[in-house]
Amino acid sequence: MDFKVGLLGRIALLAVSLFALGYSIADEWGVFINSLFIILVIIQVVFLLRYAESSFKKVRTFLDNIKQDQYSQVYPVKFDGTETDDLHIEFNAILAKLKEDQAEKEANYHYFRSVFKHLSIGLITYGEDGKIQLINTAAKRILNVDDLSNINQIESVNKELHLAIHQLKTGGSELIKIAHPDGIMQLSVYVIELMMRGEQFKLVSLQNIQSELEEKEMEAWQNLVRILTHEIMNSIAPISSLAGTIKTDIEQKLEQADPVTDSDLEDYLMGITTVEKRSEGLINFVSDFRSLAHIPAPKFSSIRLANLFDQLEVLFQHQLETHNIELLKELDPPELILFGDQSQIEQVLINLVQNAIQALEESERKLIRLRAYIDEAGKIILEVCDTGKGIEEEALSKIFIPFFTTKKKGSGIGLSLSKQIMRRHKGNIQVRSQLGEGTTFKLIFNG
């Protein structure tokens, strides 16, 4: 109430002074008296303005403190029930809340900075100008540097790593091998592009997966040796046994000078024919293995996916008609273009469509859908879906292992080849399946 009373009192006093000035002018009290009243009115106007500005000055000072993040000032409170007291109480409450929020933000910042610093995965953030904002201890240890101020300094550590960091987009990853005093490191480089307060920056993660790769490599070698041993022994054992039987029989006839009958010749011919077939099977197996181990580098070009889908439809038209299979093609957008090796991508799709046709042999509803689209992350996705019998959960984890197959006929290298081709394209192949409902293979191209 003190502000209102003071303001009204000054306005009333100014009104009285104006009235007296007007009366003195009208009654001709003289120039001197009139001048005194004019001076009095001017003084009262000045004091009125200063009084009014005094309250706004407190608000202005309060706002300036907030702008400058200065929350330590305390406004005096007399607890006399005046409006000034109420205003100071509100000011102090707001400043206390802002100070508390600031302390909480600083605590969170230091907490996350500490977590960021001590993570075992190397992390680096940098802005569009290349200036590094944060780099943790793991990243310094991986790069064998004391500190980095600009991302371009990584070029002196490893040019391939520097190039990968600049070229990778959100969600992109790459394996880079770098030299380190502790030995060769195989780094998994992952990049995310983020936007904060209108500024774009990148978060780069570096993870040394050398030990994991060595473990997986040993496991892969063990699986490969087991498969090779199984397949080769399956072929060699009957060949060796049959050849031994024929040799023993011929030696006996030579020792005993027995004549060779037509029946004996037929048996020998059948045995030699069997040996030939098993040998051819072994040769084909080795040939398949060689094709798996020698995939040529992809020759990248623009692939119009609508044309590719049309070519697949023509290629499988006879099989589709023979088995009464419906083929649906979906492209979004219709003019979608993929950058890759057309012959290799076509080979992958041929393998997947062929598998889908075989999976539909015992299905009531026979449908294959070829789909191409761009997902939320900007990646191009190709899908081959069927309404077949599906794949058992136990087999799902093994279908990409070389020479593993659930079919009566087949080498078991089609999906392994497809996975290697996708890796050569910096992409991936995924599968999801449900028994009795169908299977979907997804080809993911990171771009």
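For the structure itself, look to the data block above.
Residues numbered from 1 in each chain as written. Predicted model: local features only at pLDDT ≥ 70, side-chain atom pairs only at ≥ 80, totals over all residues. Heavy atoms only, no water.

A. Structural detail: the nonpolar core. Residues L305, L349, I368, L382 and L443 are the most contacted members of the largest nonpolar core, which totals 37 residues. Taken together, the elements giving at least two residues each to this core come down to α8 (305–315), α10 (342–359), β9 (367–374), β10 (380–386), α12 (414–424) and β12 (438–445). Top contributing element to this core by residue count: α10, with eight residues. Grouped together as the second largest cluster of nonpolar side chains are 23 residues, Y126, I135, I142 and L168 included. (Core = buried A, V, L, I, M, F, W, Y, C linked by side-chain atoms within 4.5 Å. Buried < 20%, exposed > 50% of the residue type's maximum accessible area, 1.4 Å probe, protein only. Helix = DSSP H or I, 4+ residues; strand = E, 2+ residues; numbered from the N terminus.)

B. Layout of the sheet that holds β9. If you trace the five strands from one edge of the open sheet to the other, you get β7-β9-β10-β12-β11, paired in mixed fashion. Each having just a single partner strand, β7 (326–332) and β11 (427–434) make up the two edges of the open sheet. Sheet twist, expressed as the average angle between the axes of neighbouring strands with direction ignored, equals 10°. Across eight bridges, β11 lies against β12 in antiparallel orientation. Paired with Q430 across the bridge in β12 is K442. α8 contacts β7, β9 and β10 of the sheet and is inclined by roughly 175° relative to β7. (Pairing = 2+ DSSP bridges. Axes fitted to C-alpha atoms, helices over the stretch in contact; angles between N-to-C directions. Contact = heavy atoms within 4.5 Å.)

C. How the structure looks around the pattern of salt bridges. Scanning the entire structure with this criterion turns up seven salt bridges. The partner of E330 in a salt bridge is R369, and the shortest N-O contact between them spans 3.7 Å. In this pair, E330 sits in strand β7 while R369 sits in strand β9, placing the two residues 39 residues apart along the sequence. The exposure class of E330 is partly exposed, given its relative accessible area of 32%. Residue R369 is classed as partly exposed on the basis of its relative accessible area of 25%. With a shortest N-O distance of 3.6 Å, E383 and R371 are connected by a salt bridge. Here R371 lies in strand β9 and E383 lies in strand β10, a separation of 12 residues in the sequence. A relative accessible area of 3% places E383 in the buried class. Note on R371: relative accessible area 29%, which makes it partly exposed. Through salt bridges with shared partners, a single network forms among E330, R369, R371 and E383. (Salt bridge = Lys/Arg side-chain N within 4 Å of Asp/Glu carboxyl O.)

D. Representation of the sheet that holds strand β3 (residues 173–178) in the model. Strand order in the open sheet formed by five strands is β2-β1-β5-β4-β3, and the pairing between neighbours is antiparallel. In this open sheet, the two edge strands, each paired with only one partner strand, are β2 (132–135) and β3. Ignoring which end each strand starts from, the neighbouring axes of this sheet average 25° apart. Direction of pairing for strand β1 (residues 122–127) relative to strand β5 (residues 199–208): antiparallel, over a ladder of six bridges. Considered in β5, the bridge of Y126 is made with K202.

E. Quick peek at a nonpolar patch on the surface. Taken together, the side chains of Y111, F112, V115 and L119 present a nonpolar region at the surface, about 400 Å² in accessible area. For Y111, the position within the fold is in helix α3 (residues 83–118). (Patch = residues over 30% accessible without salt bridge, like charges linked within 9 Å, V, L, I, M, F, W, Y side chains within 5 Å. Areas by Shrake-Rupley, 256 points an atom, 1.4 Å probe, with all protein chains shown as cover.)

F. Focus on the side chain of Q44. Structurally, Q44 is set in helix α2 (residues 31–67). Not counting residues up to four positions away in its chain, the partners in contact with Q44 are L13, L14 and S17.

G. Spotlight on the environment of D386. Mapped onto the secondary structure, D386 falls in strand β10. Once residues within four sequence positions are removed from consideration, D386 is found in contact with A356, A359, L360, L367, I368, E437, G438 and T439. Reaching out from D386, the side chain makes a polar contact with the backbone nitrogen of G388 at a distance of 2.8 Å. (Polar contact = N/O pair within 3.5 Å; in protein donor to acceptor, adjacent residues only side chain to side chain.)

H. Inspection of α10 at higher detail. Across its 18 residues, α10 extends 25 Å between first and last C-alpha, which sits within 8% of the 26 Å expected from 1.5 Å per residue. Every buried residue of α10 is listed here: Q344, I345, E346, V348, L349, I350, N351, L352, V353, A356, I357 and A359. (Expected span 1.5 Å × (residues − 1).)

I. Structural context of unusual backbone geometry. In the segment running from D332 into P333, the intervening peptide bond is cis, with an omega of 0°. A positive phi angle, close to 60°, is found at N144, a residue other than glycine. Within the element layout of this structure, N144 appears in the loop between α4 (137–143) and α5 (159–167). Positive phi, close to 60°, is recorded for K426, a residue that is not glycine.

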